[in-house]
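Notes for the structure review
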Amino acid sequence: MSPARTSAAAPTAAARHENGAPARAAPDPLNAVRCVGVHKSYHLGGQDVHALRGVDLDISEPGFYAIMGASGSGKSTLLHLLGALDTPDRGEVSVGGKSLSKLGERELTDFRRDNIGIVFQQFNLIPTLTARENVELPGMLAGRAGPHLRARAEELLEALGVARRAGHRPDALSGGEQQRVAIARALLFAPRILLADEPTGNLDSASSARLWELLARIAREHTTTVLMVTHEPAAAVHCGRVFVLRDGRVHGSIDTEGLDAAGVASCYQHLVRSA
Ligand SMILES: Nc1ncnc2c1ncn2[C@@H]1O[C@H](COP(=O)(O)OP(=O)(O)OP(=O)(O)O)[C@@H](O)[C@H]1O
Ligand SMILES: [Mg+2]
């Protein structure tokens, strides 16, 4: 493991990996994801759990990025804050060039819909709707029903390789197909930021590998910042940079260029054990 690979407590991303980003992707505020001194605690049964204790993170270029860390290290908490699903106790979260704390509730809802796509481990598809209707749903809720919406949903299902399943309900789809539909739904408004929390946690290894390739392609071809929480070094090799969370902070990051899964695992172990 080369020490140059890992960068302890220097969580600024420069995406260079050919899978993760265009080689010279220009920084664009719309692709930026930034945290400064972010804290988040939960209060449960008289106990305080300090999930995040001062997260600093700075991504300015489109690309495919991973967040790794032990269970309970705050990965999902961080993703929820970036997705404007929750608010920090302290510190600043800005996404797509907007400081989220400065947006009112209505503005935040519109901003999230138009700029941030979110994909979860459990797919979260509506069982009574077809694949196409699931993809169309956020547009319906935003009052944009019509032929354009249908065409957009069909275009996305085609691009994600599930067009032939458009008329099927989720229970007739494989796990990998369901997750592709969920990604299509997250991409409906062409967000410049796509957040994914263990999106392959319910998939077999072949489906997982296809999904990681797909996310890398989305980052590359749609000029999107894809930020994925994962436990798997095999996933992280598809990303340009891996941010490692430890003790509620970004403890360092790994430049994955040229690394295989064993190399990423070794860098990760080095980082989580280092002082
Ligand atoms: N709603 C909540 N109420 C109370 N505590 C919570 C809540 N959500 C998370 N926590 C606690 O905050 C800490 C961080 O949780 P989080 O879910 O962010 O971890 P994680 O890194 O995503 O873990 P995993 O890999 O298991 O998904 C944990 O100690 C967890 O128990
Ligand atoms: Mg989690």
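If you're wondering where the values come from, they're calculated on a predicted model, not measured in any experiment.

What follows concerns the overall build of the protein chain. A tally of helices and strands in the protein chain yields eight helices and eleven strands. Relative to a compact globule of 275 residues, whose C-alpha radius of gyration would be 19 Å, the protein chain shows 18 Å and is just as compact. C-alpha extents for the protein chain along the principal axes are approximately 55 × 40 × 40 Å. With 275 residues in all, the protein chain has 48% of them scored as buried. For the protein chain, restricting intrachain contacts to residue pairs at least 6 apart in sequence, the fraction spanning at least 24 positions comes to 71%.

The next point concerns the site of ligand 1. Tyr42, Leu44, Val49, Ala51, Gly69, Ser71, Gly72, Ser73, Gly74, Lys75, Ser76 and Thr77 make up every residue found near ligand 1. The set of elements that each furnish at least two residues to the shell around ligand 1 consists of strand 2 (33–44), strand 3 (47–59) and helix 1 (75–82). Per element, the largest residue contribution to the shell around ligand 1 is three residues, and it comes from helix 1. Broken down by class, the residue content of the shell around ligand 1 amounts to four nonpolar, seven polar and one charged.

Here the phi dihedral of alanine 84 falls at roughly 60 degrees; this positive angle occurs in a residue that is not glycine. Considering the arrangement of structural elements, one finds alanine 84 in the loop between helix 1 and strand 5 (90–95). On the basis of neighbour counts, which here come to 21 C-beta atoms within 10 Å, the residue alanine 84 falls in the buried class. Although it is not a glycine, asparagine 124 sits at a positive phi angle of roughly 55 degrees. Relative to the assigned elements, asparagine 124 resides in the loop between strand 7 (116–119) and helix 3 (131–141).

Turning our eyes to something else, we now look at the environment of aspartate 260. Looking at where aspartate 260 falls in the secondary structure, it is placed in the loop between strand 11 (249–255) and helix 8 (261–273). Residue aspartate 260 is classed as exposed on the basis of its 12 C-beta neighbours within 10 Å.

Strand order across the open sheet formed by four strands is 3-2-5-6, with antiparallel pairing between neighbours. Two strands bound the open sheet, and with one partner strand each, they are strand 3 and strand 6 (98–99). Bridge count for strand 5 against strand 6 is two bridges, and the pairing is antiparallel. Looking at strand 6, one finds that valine 95 is bridged to lysine 98.

Extensive coverage of strand 9 (residues 225–229) is indicated by the burial of five of its five residues. Residues Thr225, Leu227 and Val229 of strand 9 are buried on one face, and the alternating residues Val226 and Met228, pointing to the opposite face, are buried as well. Two strands pair when backbone bridges link them, and strand 4 (residues 63–69) and strand 9 are joined in this way by five bridges, in the parallel orientation. Across the sheet, residue isoleucine 67 finds its bridge partner in strand 9, namely valine 229.

Moving on: helix 8. Over its 13 residues, helix 8 extends 18 Å from the first C-alpha to the last, a length consistent with the 18 Å expected when each residue adds 1.5 Å. Taken residue by residue, helix 8 has Val264, Cys267, Tyr268 and Leu271 as its buried positions. Take helix 8 and look down its axis: the buried residues cluster within an arc of 100 degrees, on one side only. Every exposed residue of helix 8 that faces more than 90 degrees away from the buried side is listed here: Ala262, Gln269 and Arg273.

Its 13 residues place the ends of helix 4 (residues 147–159) 18 Å apart at the C-alpha level, agreeing with the 18 Å of an ideal helix rising 1.5 Å per residue. Of the residues making up helix 4, those classed as buried are Ala153, Leu156 and Leu157. End-on view of helix 4: buried residues confined to an arc of 100 degrees, all on one side of the axis. Along helix 4, the residues that are exposed and aim more than 90 degrees away from the buried face are Pro147, His148 and Ala151.

Residue-level pLDDT values for the protein chain average 90, and 91% of them are 70 or greater. Segment residues 10–24 is flagged for pLDDT under 50; beyond a separation of four residues in sequence, or across chains, it makes 48 contacts in the model.

For soluble globular proteins, the rule of thumb is that nonpolar side chains tend to be buried together. Of all hydrophobic cores here, the largest spans 73 residues; its most connected members are Ala66, Leu195, Leu215, Val226, Met228 and Val242. Alanine 66 has contacts with Met228, Thr230, Ala235, Ala236, Cys239 and Val242, leaving out every residue within four places of it along the chain.

What counts and how
Residues numbered from 1 in each chain as written. Chains lettered and ligands numbered in written order. Predicted model: local features only at pLDDT ≥ 70, side-chain atom pairs only at ≥ 80, totals over all residues. Helix = DSSP H or I, 4+ residues; strand = E, 2+ residues; numbered from the N terminus. Rg over C-alpha atoms; globule rule 2.2 N^0.38 Å. Buried ≥ 20, exposed ≤ 12 C-beta atoms within 10 Å, placed from the backbone. Contact = placed C-beta atoms within 7 Å. Near = placed C-beta within 6 Å. Nonpolar A, V, L, I, M, F, W, Y, C, P; charged D, E, K, R; others polar. Pairing = 2+ DSSP bridges. Expected span 1.5 Å × (residues − 1). Arc of directions from axis to C-beta. pLDDT = per-residue confidence, 0-100. Core = buried A, V, L, I, M, F, W, Y, C linked by C-beta atoms within 7 Å.

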